[in-house]
Every structure is written in C-alpha cells, then in structure tokens.
Amino acid sequence: MRHIISILIENEAGALSRVSGLFSARAFNIESLTVAPTEDASLSRMTIVSTGSDDVIEQITKQLNKLIDVVKVVDLSEAAHIERELMLVKVRAAGKDREEMKRIADIFRGRIIDVTDSTYVIELTGNGSKLDAFLEAIDRSLILETVRTGVSGIGRGDRILKV
Amino acid sequence: MQLTGAEIVIRCLQEEKVDYVFGYPGGSVLFIYDELFKQDKFKHVLVRHEQAAVHAADAYSRSSNKVGVCMVTSGPGVTNAVTGIATAHMDSIPMVIISGQVPTAYIGQDAFQECDTVGITRPCVKHNFLVKDVKDLALTLKKAFYIAKTGRPGPVLVDIPKDITNQKCEFEYPKAITMRSYNPVVKGHSGQIKKAVQMLLEAKRPMIYAGGGVILSDASDRLVKLARHLGYPVTNTLMGLGGYPATDKQSLGMLGMHGTYEANMAMQHCDVLIAVGARFDDRVIGNPAHFAEVARKIIHIDIDPSSISKRVKVDVPIVGNLPDVLDELQKLLDASAGVPDPKALAAWWKQIDEWRGKKSLKYKQGKEIIMPQYVVEKLYEVTGGEAFITSDVGQHQMWAAQYYKFDKPRRWINSGGLGTMGVGLPYAMGVRFANPKATVACITGEASIQMNIQELSTAKQFRLPIKIINLNNRYLGMVRQWQQMFHGNRYSESYVDALPDFVKLAESYGHVGMKIERPADVEPALREAFTKHKNDLVFMDFLTDQTANVYPMVAAGKGLSEMILAEEL
C-alpha cells in the first residue's frame with residue numbers, strides 16, 4: 001500500500017540525512033521525499049511517499065518518531081487528504097507538434113512558462129497519476145527533460161499538523 | 001563569567017557529576033585536555049586505544065547506571081571509537097562521547113585528521129550534535145546527557161571543532177531542559193495495564209520473559225515482586241541475566257539460541273507471555289514464523305514503541321518506563337480479587353519440571369582435559385557468585401551466561417546486541433572504576449582477548465586487579481562450532497596460530513600470569529588468584545578442550561523448540 005507520511009522536524013543541519021539514513025538503514029522504501037521550512041523557520045515540513053504493508057508503515061512511523069529531531073509524524077493517507085506535485089517538462093515544440101503540444105497542455109490545465117521557437121517548458125500541477133497521464137498523452141520522443149518535485153500533502157478540513 | 005569552550009566542557013562535566021572520563025588526547029582536543037589538566041573534580045583514564053575508552057565508559061555505565069563519558073580526538077580518534085559506540089547503541093547504554101573536530105573553517109576541506117564524525121556515527125548513536133557556536137556548547141552538552149539517560153537510553157555524541165574550544169562566552173549551565181521534539185513516555189496506558197492484569201490472571205500456562213530493559217531501568221526488584229506474587233516461571237535474555245535471580249526456583253535460566261531446554265520449551269508452549277523490557281530478537285525466538293505457530297497471548301512492556309510488534313505481533317502493547325508500569329500493574333494485582341488458576345499452574349510447573357529433567361546444561365569433566373564449562377562453574381564457586389563478570393564474544397560468552405548464576409542486576413557485562421569481540425578487558429576496567437572494591441573477572445578466549453590486549457597497560461597504570469579467565473582452545477570457538485555443524489567440518493581460518501605465551505605477556509606488563517592445563521588444578525589456581533593475588537591483575541590461561549561445543553543450540557532460522565542437545569549427539 002502507498003502511504004503519504006508528513007513530518008514536522010527541527011530545521012537543523014543534517015535533519016534530512018537522519019530521515020533518509022533511517023530509510024536506507026532499515027530497508028524502507030522511499031518513492032519521493034520533499035522538504036522545506038514552514039512559516040516558522042525553525043521547523044521543516046517533510047512529505048514522504050512510501051509503500052509497504054501495514055506492519056512496515058507502522059514501523060516507519062515509529063522509527064521516525066524515535067528520531068530526536070522529529071516533532072510530529074502523521075500518516076496522511078489514513079484519512080481524507082490532498083496531494084499535489086509540480087512538474088516542469090521541456091518538450092520539443094516545432095512544426096506540427098507545436099500546436100498539438102499546446103492543446104494537450106491546455107487539456108491538462110498546464111501552463112507554458114517558457115517559449116523558444118523550437119521548445120516549450122510546461123508547468124503542471126496535480127497528483128502523481130495526473131502527471132503520469134500527461135507524460136503518457138504526449139509523444140515520448142518529444143520530451144527533452146522532466147523535473148518533478150515529489151508529492152506534497154496536507155490533510156483535509158480540521159486535520160492539522162502543527163506544533 | 002566568560003569562559004572558553006574548553007573550560008565550558010569541563011564545567012559541564014563537573015555539573016553532571018561525572019567521576020571518570022575515559023579518553024585519548026589528540027590535536028583537536030588539546031584545549032580541552034589543557035583545562036582537564038587544571039582541575040581535579042573528575043579523573044581521566046588514559047587508555048591505549050580509543051575503542052577501549054568507549055568500551056570502558058560503556059561498562060562503567062552498565063555496572064552503575066551512571067552515564068559513561070569518553071573523549072576522543074578528531075579523525076582516527078573517532079573512527080577507532082565507532083565500534084565502541086555501535087556496541088553501546090545496540091545494547092541501549094547511556095553514554096556521552098565528546099569528540100574533537102578540525103576548526104570550523106577547515107570543515108569540508110579534507111583537513112588533517114578530519115572526518116565527517118556526525119555522518120559516520122549517525123546510524124549508531126541515539127543522537128549526535130556538531131557544535132557550531134560556543135554559545136550553544138553548554139546547552140548541547142546538557143541535551144546530550146538528558147537524551148542519553150532518558151527514554152530508551154543510548155549513546156549521544158557531541159562533536160566540537162577546535163576553534164570553538166578556544167572561543168569565549170558567558171557560561172551558565174541550564175538547570176532543566178525541555179525539547180518539543182523529544183518527550184519520552186513514562187507512564188503506561190492504564191487501560192492496557194488493566195487488560196494485562198486480566199490476561200495474566202486467566203493464564204493457564206504463563207511465562208515471564210525478561211530482558212535487558214529490566215536491568216537498564218533498575219526494575220529488577222519490581223520484577224521479582226511480580227513474579228513471586230504470581231508464582232509464574234521467569235526466563236531471562238542474555239542481556240537480562242541478573243534481572244531475576246538465577247538461583248531462584250522460578251527461574252528457568254536463559255532462553256534463546258543457547259538457552260536452556262526448559263526456558264525454550266516453556267517459551268514456545270506458554271499460553272500467556274509477558275515480555276518485560278525485551279525485544280524478541282533473532283537470537284531469542286529463532287524463526288518468528290515457527291514461534292507464531294503456537295497460539296499465545298502476548299503482553300509487551302517496553303519504553304520504545306518501535307520495539308513493539310517489530311518481529312512478533314503482540315496483543316497488549318504497553319509503552320512506558322518499566323518501574324512505573326510494573327508498579328501500576330502490581331497495584332492492580334494487589335487490589336484484584338482474582339488469583340491464578342492453581343490447578344493449571346501446578347500442571348504447568350509439572351510440565352516444566354519434566355523439561356528441567358533433561359538437564360540440558362550437563363557436560364562431562366574427565367581427568368585429562370579441562371572443560372571450559374567446568375572453569376566457569378568453579379569460578380562461580382570460588383567467587384561465591386558475587387563477582388562482576390565481563391565477557392568477550394563467542395563460546396566462552398555463552399558458557400559464562402549459562403554457568404555463572406547471576407542473582408543480581410548489573411553484574412553481567414557483555415556485548416549482547418553487536419557481539420563485539422575485544423570488549424571483555426576494557427569492560428572489566430570500566431566496571432572496576434565504577435565499583436572500586438568489587439571483584440571483577442573477565443571471561444574471555446585467546447582470540448577475543450587479543451583484540452584489546454594493549455589495555456593490560458592501562459590496567460597496570462591504574463592498578464586494576466582484574467582476573468582474566470582465558471578459556472584457551474586455540475580456535476575461534478564459535479566459528480569452529482558453526483563450521484563443524486553447518487560447513488562440513490571445514491575449519492576455514494578458525495585455528496588461532498602463533499599464540500603468545502600469555503603468562504610471559506602478562507608478566508611483561510607487570511601482572512601475574514598463570515597457565516592451567518589440568519582439571520585438578522583449576523580450583524586451586526582460581527583460589528590462589530582470588531586470595532593470594534587479590535590485589536593483582538592475574539591472567540589465567542586455561543588450556544581447554546578444543547572440541548567443546550555450546551549446547552543446547554537452536555540453529556539460525558530454526559524454531560525455539562527445535563534445539564540440538566548435547567545428549568543427542
């Protein structure tokens with residue numbers, strides 16, 4: 001099962017390596033990991049996407065809680081939540097492909113944020129499967145570069161992760 | 001008052017009431033050693049290798065429940081210390097390691113004696129810090145001691161760049177500390193404890209399985225009270241020996257890979273199991289699938305939530321500090337009208353006594369060759385069971401655990417988790433510093449002892465009257481045993497050739513050496529060592545049977561009840 005785990009962690013040097021080191025040392029799986037400071041600069045918010053059985057996910061949350069710098073851990077996927085990921089794709093956009101690329105980007109509510117006479121950079125936000133679907137929808141051979149941020153997640157409604 | 005970083009380090013150690021610092025100086029810690037020279041509130045023990053400093057501080061803690069402290073320099077000082085730190089980490093020993101680092105401006109420049117200490121030690125410490133500002137130093141050291149000894153204890157490393165130790169700032173040692181990210185649980189969940197009491201009282205075939213947590217949290221007296229109240233059998237893990245008196249009639253001895261027949265059988269066949277400060281590790285329950293084949297209810301008390309349901313699913317998890325949880329459990333038991341089913345309990349004890357009848361620890365001592373088990377038994381007799389015993393790792397460690405009956409906690413000091421050869425002698429040193437009048441013996445083998453043999457020099461300098469019981473079988477005994485059993489008798493690299501004359505070696509350091517070759521000489525030699533040479537370090541080189549194996553044995557990956565017994569061979 002795929003889980004989205006949100007962490008509040010002290011914004012100290014090396015905090016990221018404590019988390020990533022834990023995952024590699026205990027052979028836990030990481031699909032994606034994003035981290036940035038919160039509105040309170042002393043705290044960072046991290047979102048980890050991992051897969052594993054319920055037992056494994058239980059161990060992951062327990063082991064994360066055990067890290068001294070970790071303030072709070074929540075398994076977002078236990079209840080209603082929203083996930084988003086940002087992708088930037090640079091594509092070849094020349095001749096007949098140029099119009100088609102713009103059309104597909106529009107369908108996916110993507111925005112073209114850089115234009116040359118032969119390329120576009122398309123910005124796309126959504127959950128992971130939407131971004132995957134976009135990449136499937138365009139001609140593979142036209143993709144020059146893709147950059148994805150990994151998933152950020154937040155609970156719906158009253159579910160708040162705060163100190 | 002303005003103090004330098006080095007002065008602050010010394011003041012913090014004094015504020016923490018540290019008696020001994022085990023260490024080794026070097027370039028990056030020179031300012032600290034300079035301040036250490038000017039004070040006399042605590043003593044420094046100069047070892048001969050940094051690994052031994054960490055082991056000694058570790059055993060100092062194990063045998064006293066104080067935080068062990070050691071100090072090493074940057075680069076090789078730290079890398080030498082890593083084995084000791086990992087050893088302490090695996091066994092949850094509260095320690096503070098202070099390491100020097102190259103000056104702040106040099107970090108990352110591949111400077112002389114630079115290494116990424118925080119990176120290297122991160123997976124084998126409870127926590128570590130790199131101090132970047134002298135103003136953070138006192139608070140960081142306060143945190144280090146606090147983290148080391150609270151919750152599930154463990155080693156904490158503080159890496160201090162050299163320039164920080166020479167900069168000044170205002171000093172005030174924080175009195176108390178709160179950390180929003182670290183709040184270990186103390187009290188157990190009362191609903192869960194109620195459930196546990198109910199389950200314990202309904203048991204037909206109960207079993208108490210007590211681990212190192214009992215020792216670390218000083219919960220031994222509570223465990224004894226609980227066990228006596230219920231009349232249930234108790235088994236101890238390797239780390240838990242002494243947590244419940246081994247000579248008590250309710251004790252089934254050690255369980256696990258080399259546990260007694262009765263302990264392993266009772267563990268496998270019980271219907272209610274209460275795990276107290278133990279973690280169901282691979283050397284204890286063998287194959288978890290085999291263990292799960294028998295339906296039983298499990299209550300698990302541990303301070304570390306991640307130890308619960310890690311390898312074995314439990315029914316009643318209780319997270320909390322053992323003494324607190326056991327006190328509450330006892331209170332509920334005392335208030336409860338229920339009592340254990342006497343008929344069922346009598347039948348269970350009858351079954352256990354049948355298992356005991358196997359006498360799984362018996363061995364034959366002939367007239368010619370000394371059996372290693374015999375030496376440990378005689379050591380137990382000669383010391384009246386009152387000695388602090390340290391061991392190295394291997395067959396001799398298992399024989400020590402099986403044949404020296406520990407009735408008190410903190411008397412059995414060994415590397416259970418990491419299994420570090422070479423700990424025995426530095427452990428004995430640490431024990432003796434923490435217990436200056438105690439009888440201390442190190443049960444070791446000719447291979448393990450050579451991994452930190454240089455500490456004979458430290459032992460001489462500090463006049464430590466350790467008795468080294470060297471069970472010398474000229475083999476890496478446990479390796480040889482596995483090669484015999486699982487690798488077709490191919491003794492690949494397990495013969496220990498070119499041994500030194502240990503008697504002369506000990507004498508060259510100024511100690512007493514003895515070589516014992518015949519069974520009849522074992523007891524007299526021990527008596528001589530512990531009386532005539534009471535105040536000397538005595539290196540006792542016992543030439544023992546080369547083919548002796550440790551039994552019973554649960555082979556790796558096998559189930560607990562699939563033991564190989566000596567009598568079956």
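Residues numbered from 1 in each chain as written. Chains lettered and ligands numbered in written order. Predicted model: local features only at pLDDT ≥ 70, side-chain atom pairs only at ≥ 80, totals over all residues.

### Quick word on the overall build of chain A
What chain A contains, in helices and strands, is four helices and nine strands. The order of helices and strands in chain A, counted from the N terminus, is β-α-β-β-α-β-β-α-β-β-α-β-β. Relative to its 163 residues, chain A shows a buried fraction of 25%. The contacts of chain A with a sequence gap of at least 6 include a subset with a gap of at least 24, amounting to 72%. (Helix = DSSP H or I, 4+ residues; strand = E, 2+ residues; numbered from the N terminus. Buried ≥ 20, exposed ≤ 12 C-beta atoms within 10 Å, placed from the backbone. Contact = placed C-beta atoms within 7 Å.)

### Looking at the sheet that holds strand E18 (residues 467-472) of chain B
Residues and elements named next belong to chain B. Here we have six strands laid out as an open sheet, ordered E16-E15-E17-E18-E20-E19, and parallel in their pairing. Looking at strand neighbours, the two that pair on one side only are strand E16 (412-413) and strand E19 (512-516), the edges of this open sheet. Across the sheet, helix H17 (residues 395-403) lies against strand E15 (388-391), strand E17 (440-445) and E18, angled at about 135° from E17, the strand it touches most. (Pairing = 2+ DSSP bridges. Axes fitted to C-alpha atoms, helices over the stretch in contact; angles between N-to-C directions.)

### Re the interface of chain B and chain A
Of the residues lining the interface, 12 residues belong to chain B; the matching set on chain A comes to 16 residues. In terms of residue class, the side of chain B that touches chain A is built from five nonpolar, four polar and three charged. (Nonpolar A, V, L, I, M, F, W, Y, C, P; charged D, E, K, R; others polar.)

### Quick word on the confidence of the model for chain B
Considering every residue of chain B, the mean pLDDT works out to 97; 100% of them sit at 70 or more. Taken over the whole predicted complex, pTM reads 0.97, whereas the ipTM for its chain interfaces reads 0.94. (pLDDT = per-residue confidence, 0-100.)

### Some thoughts on the nonpolar core
The biggest cluster of nonpolar side chains holds 196 residues, and the ones touching the most others in it are B:Ala53, B:Val96, B:Tyr209 and B:Val276. In contact with B:Tyr209, not counting residues within four places along its chain, are B:Thr235, B:Leu255, B:Met267, B:Leu273, B:Ile274, B:Ala275, B:Val276 and B:Ala278. Listed in part, the 11 residues of the second largest apolar core include A:Met87, A:Ala105, A:Leu124 and A:Leu131. (Core = buried A, V, L, I, M, F, W, Y, C linked by C-beta atoms within 7 Å.)

### Some thoughts on the environment of B:Leu141
All names here are of chain B. Along the chain, the position of Leu 141 falls in helix H6 (residues 137-149). A tally of 26 C-beta atoms within 10 Å means that Leu 141 is categorised as buried. Through-space distance from the C-alpha of Leu 141 to that of Tyr 427 is 25 Å; in sequence the pair is 286 residues apart. Those residues in contact with Leu 141, other than ones at most four positions away along the chain, are Val 9, Cys 12 and Val 158.

### Comments concerning the pairing of strand E1 (residues 2-10) of chain A
Residue and element names in this part refer to chain A. Here nine bridges tie E1 to strand E3 (residues 43-51), and the two strands are oriented antiparallel to one another. Following the sheet pairing, Ile 4 is matched in E3 by Val 49. In the sheet, E1 pairs with strand E4 (residues 70-75) via five bridges, with the strands oriented antiparallel. Each bridged residue has a counterpart across the sheet, and for Ile 7 the counterpart in E4 is Val 73.

### Points about the pairing of strand E13 (residues 297-302) of chain B
Residue and element names in this part refer to chain B. By the criterion of burial, E13 is predominantly enclosed, with five of the six residues buried. In this structure, strand E12 (residues 272-276) lies alongside E13, joined through five bridges in parallel fashion. Residue pairing for E13: Val 272 is matched across the bridge by Lys 297. With four bridges joining them, E13 and strand E14 (residues 316-319) adopt parallel strand pairing. Counted as the bridge partner of Ile 299 is Val 316 from E14.

### A closer look at unusual backbone geometry
Residue and element names in this part refer to chain B. Going from Tyr 551 to Pro 552, the amide bond is cis rather than trans, its omega being -5°. Position of Pro 552 among the secondary structure elements: in the segment after strand E20 (538-543). Notably, Lys 17 is not glycine yet its phi reads approximately 60°, a positive angle. Inspection of the secondary structure puts Lys 17 in the loop between helix H1 (5-15) and strand E2 (20-23). Positive phi, normally seen in glycine, also occurs at Arg 410, with a value near 65°. With respect to the secondary-structure elements, Arg 410 resides in the loop between H17 and E16. According to the C-beta neighbour criterion, Arg 410 is buried, with 21 such atoms within 10 Å.

### Observations concerning the sheet that holds E4(A)
All names here are of chain A. Strand order in this open sheet of four strands is E2-E3-E1-E4, and the pairing throughout is antiparallel. Only two strands of the sheet have a single partner each, and these edge strands are strand E2 (32-37) and E4. When strand polarity is set aside, the average angle formed by the axes of neighbouring strands in this sheet is 15°. As defined by bridge partners, E2 adjoins E3 across six bridges and the pair is classed as antiparallel. Note on E3: the bridge partner recorded for Pro 37 is Ser 44. Lying over the sheet, helix H2 (residues 54-66) contacts E1, E3 and E4, oriented at roughly 165° with respect to E4.

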